[in-house]
Amino acid sequence: MSTSAGTAPSALAGGRLTIDLAALAANWRALAGRAAPARAGAVIKGDGYGIGDEAAARALAVAGCETFFVALPEEGFAVRKAVPQADIYVLDGLLPGSAAALAAARLRPILGSLAEIEEWAAFASGGDAASAIHVDTGMNRLGLTLDEARALAGRTDLLAAIRPALLVSHLAAADTPGHPLNARQLARFHEARALFPGMPASLANSAGIALGPDYHFDLVRPGVALYGAAPGETIAPLETVVTLETRILQVREVPPGDTVGYGAARTLSRPSRIAIAGTGYADGYHRQAGSHDGRPGAEGVLHGRRVPIAGRVSMDLTAFDVTDVPGAMRGDWIELFGPNMPIDEVAAHAGTIAYELLTGLGRRYARRYAGGA
Ligand SMILES: *Cc1c(COP(=O)(O)O)cnc(C)c1O
């Protein structure tokens, strides 16, 4: 029997993902409330931070979201199917030769260079295809320099042709509230806004919302906080959206002095019960989350108790020390992250951030959506 990605019934899967769309909607409403009177959009790039972009878009639209941001055209096409009426912006801008395809799906490129602006102007002139202008205020990623923005502001012909509906910039250090770059970027964004009077403006991502009303402007662009993770220490985690569990395939008794897994990296110091579970780095459960004799790894939660990873994470399997959970048995599910195990904590053990765990979620899980509209 073959199963396509993400559809394996949980009886046949080594791990399962539960995605709570009601929590996603509640998180959007909480952030929108915090940003008001600015409006709140939603960022659903990276396949909706791993949860599925169409499902995310549909649930957020029902909650009241009218503006979506994706990274790439293909993501925009998927979201357009789910939300026919919404404004959809493409953060990566205008890929060479993509104007007609974007316009056909009414996607709005966030134009970040003069080359993109000229290409969109040549295509869109005289039509009704809207766009946005991206000004770089200090991140040095995408966007016009302030000098380029000044030059563009003098080109009324070009401006009329590209029909910009939004002025965008992006904060580089919003998750560190005391970082001096935040205030510098804010000042430069004010300069940019003065060049395009009356154009709605958008600066803040999730962490930017927490920097306060000065950073909200007309529209905020939360991503990761919608999905229940906490960027830096700025925003407390909202409701859990994604729960990842792995299934115990076998529980074994291992004597003290024996090692567990590849590289014999973990030596047991007591008579132990080791649960082997069916999820590994091929599923996006990072190898760096593992443990060795010099370092504890991430933990899971089984029957309400924390269980540490024993040794390295393998491709398809991870071992947990369940010695202190007497009832642990074959078929039980260990929570890898979710309501009882913060995803940010697991990410920290793996030397990464929740964004990477979410967007790297593998394709072999049984997926369940709860609370859908
Ligand atoms: C990813 C992204 C966001 C959302 O950021 P979060 O930290 O996930 O809230 C907003 N704006 C831009 C330009 C982005 O690339």
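Everything below is about the structure shown above.
Residues numbered from 1 in each chain as written. Predicted model: local features only at pLDDT ≥ 70, side-chain atom pairs only at ≥ 80, totals over all residues. Heavy atoms only, no water.

Colleague: How should I be thinking about the overall build of the protein in this particular structure?
Modeller: Assigned secondary structure in the protein consists of twelve helices and 19 strands. Rg of the C-alpha trace for the protein: 23 Å, near the compact-globule value of 21 Å for 373 residues, within the 12% margin. Within the protein, the proportion of its 373 residues that are buried is 54%. Just so you have it, the protein exposes about 15,900 Å², and 52% of that area is on carbon and sulfur atoms. (Helix = DSSP H or I, 4+ residues; strand = E, 2+ residues; numbered from the N terminus. Rg over C-alpha atoms; globule rule 2.2 N^0.38 Å. Buried < 20%, exposed > 50% of the residue type's maximum accessible area, 1.4 Å probe, protein only. Areas by Shrake-Rupley, 256 points an atom, 1.4 Å probe, with all protein chains shown as cover.)

Colleague: So what exactly am I meant to see when it comes to the site of the ligand here?
Modeller: Looking at the ligand, there are 13 residues lining it, with Lys 45, Tyr 49, Ser 206, Val 224 and Tyr 355 nearest. Here His 170 contributes a side-chain N or O atom positioned 3.4 Å from a nitrogen atom of the ligand. Considering the ligand on its own, with 390 Å² of exposed area, one finds that the protein chains cover 94% of that surface. A molecule is said to occupy a pocket when more than half its atoms come within 2 Å of that pocket's grid points, and by this definition the ligand occupies the largest pocket. Looking at the shell around the ligand, its residues break down into six nonpolar, four polar and three charged. (Near = heavy atom within 4 Å. Polar contact = N/O pair within 3.5 Å; in protein donor to acceptor, adjacent residues only side chain to side chain. 1 Å grid on protein atoms, 1.4 Å probe; cavity = no way out; pocket = protein on both sides within 12 Å on 5 of 7 lines; lining within 4 Å. Sits in = over half its atoms within 2 Å of the grid points. Nonpolar A, V, L, I, M, F, W, Y, C, P; charged D, E, K, R; others polar.)

Colleague: Help me out: how do you make sense of the packing of helix H3 (residues 53-63) against helix H4 (residues 73-82) in this one?
Modeller: Two quantities define a packed helix pair, namely the angle between the helix axes and the distance between the axes. Viewed as axis vectors pointing N to C, H3 and H4 meet at an angle of 45°, and their least axial separation amounts to 8 Å. Here H3 lies oblique to H4, going by the angle between them. Here the hand of the crossing between H3 and H4 comes out right-handed. Residues Asp 53, Glu 54, Ala 57 and Arg 58 of H3 pack against Glu 75, Ala 78, Val 79, Lys 81 and Ala 82 of H4. (Axes fitted to C-alpha atoms, helices over the stretch in contact; angles between N-to-C directions. Parallel < 35°, antiparallel > 145°, perpendicular 65-115°, else oblique. Left-handed = near helix turned anticlockwise from the far one by under 90°. Contact = heavy atoms within 4.5 Å.)

Colleague: Just to check I follow, could you spell out the nonpolar core for this structure?
Modeller: Considering soluble globular proteins, one finds that nonpolar side chains tend to be buried as a cluster. Among the nonpolar cores identified, the biggest contains 114 residues, and Leu 24, Phe 68 and Ile 133 are the most heavily contacted of them. In terms of residue count, helix H1 (residues 21-35) provides more of this core than any other element does, eight residues in total. Once you skip the residues sitting within four places of it in the chain, Ile 133 turns out to touch Ile 110, Leu 111, Leu 144, Leu 152, Leu 159, Ile 162, Pro 164, Leu 166, Leu 167, Val 168, Phe 196 and Met 199. Counting residues in each nonpolar core, the second largest holds seven residues, with Val 254, Val 260, Leu 268 and Ile 274 among its members. (Core = buried A, V, L, I, M, F, W, Y, C linked by side-chain atoms within 4.5 Å.)

Colleague: Sorry, what's going on with the layout of surface pockets here?
Modeller: Picture a little ball the size of a water molecule; that probe, rolled over the atoms, points out where space is still empty. Its boundaries defined by the atoms lining it, the largest pocket holds a volume of some 740 Å³. Lining the largest pocket are 36 residues; nearest its centre among them are Lys 45, Tyr 49, His 170, Asn 205 and Tyr 355. For the lining of the largest pocket, the secondary structure elements donating two or more residues are helix H2 (45-49), helix H10 (206-210), helix H11 (343-349) and helix H12 (354-359). Among the elements that line the lining of the largest pocket, the one with the most residues is H2, at three residues. When the residues that make up the lining of the largest pocket are grouped by side-chain class, the tally is 21 nonpolar, eight polar and seven charged. (Points joined across faces, edges and corners; volume = space filled by probe spheres on them.)

Colleague: It is not clear to me how empty space enclosed by the protein should be interpreted in this structure. Could you clarify?
Modeller: Taken as a whole, this structure holds one cavity of 30 Å³ or more when the rule is applied. Its volume calculated, the largest cavity comes out at about 30 Å³. Together, His 134, Asp 136, Met 139, Arg 141, Leu 142, Ser 169 and His 170 line the largest cavity. Of the residues contributing to the lining of the largest cavity, the split by class is two nonpolar, three polar and two charged.

Colleague: Would you take a moment to explain the environment of Ala 210 for this structure?
Modeller: Turning to its location among the elements, Ala 210 is positioned in helix H10. Residue classification places Ala 210 among the partly exposed residues on the basis of a relative accessible area of 25%. With 33 residues separating them along the chain, Ala 210 and Pro 177 place their C-alpha atoms 8.5 Å apart. With residues near it in sequence (within four places) discarded, Ala 210 still touches Arg 34, Thr 234 and Ile 235.

Colleague: For this particular structure, what's the right way to read the packing of H1 against H3?
Modeller: Between H1 and H3, the least distance of the axes is 9 Å, while the angle of their chain directions is 50°. Here H1 is positioned oblique relative to H3, judged by the angle of their axes. In this structure, H1 meets H3 at a crossing whose hand is right-handed. Contact with H1, carried on its side by Leu 21, Leu 24, Ala 25, Trp 28 and Arg 29, involves Ala 55, Ala 56, Ala 59, Leu 60 and Ala 63 of H3 and no other residues of that element.

Colleague: Please explain the side chain of Asp 53 as it appears in this structure.
Modeller: Among the secondary structure elements, Asp 53 is positioned in helix H3. Buried charge Asp 53 goes without a salt bridge, the closest partner of opposite sign being Lys 81 at 8.0 Å. When residues no more than four places from it in sequence are discounted, the contact partners of Asp 53 are Ile 44, Asp 47, Gly 48, Glu 75, Ala 78 and Val 79. (Lys, Arg positive; Asp, Glu negative; His and termini not counted. Salt bridge = Lys/Arg side-chain N within 4 Å of Asp/Glu carboxyl O.)

Colleague: What am I meant to see in the pattern of salt bridges here?
Modeller: It is possible for side chains of opposite charge to pair when their charged atoms get near one another. By the definition in use, this model includes 15 salt bridges. A salt bridge links Arg 364 to Asp 316; the shortest N-O distance between them is 3.0 Å. On the criterion of sequence distance, the pair formed by Arg 364 in the loop between H12 and strand S19 (366-370) and Asp 316 in the loop between strand S16 (305-308) and strand S17 (318-321) is long-range, its members being 48 residues apart. Each of Glu 54, Arg 58 and Lys 81 takes part in a single network of salt bridges with overlapping partners.

Nothing here speaks to function; it is geometry throughout.
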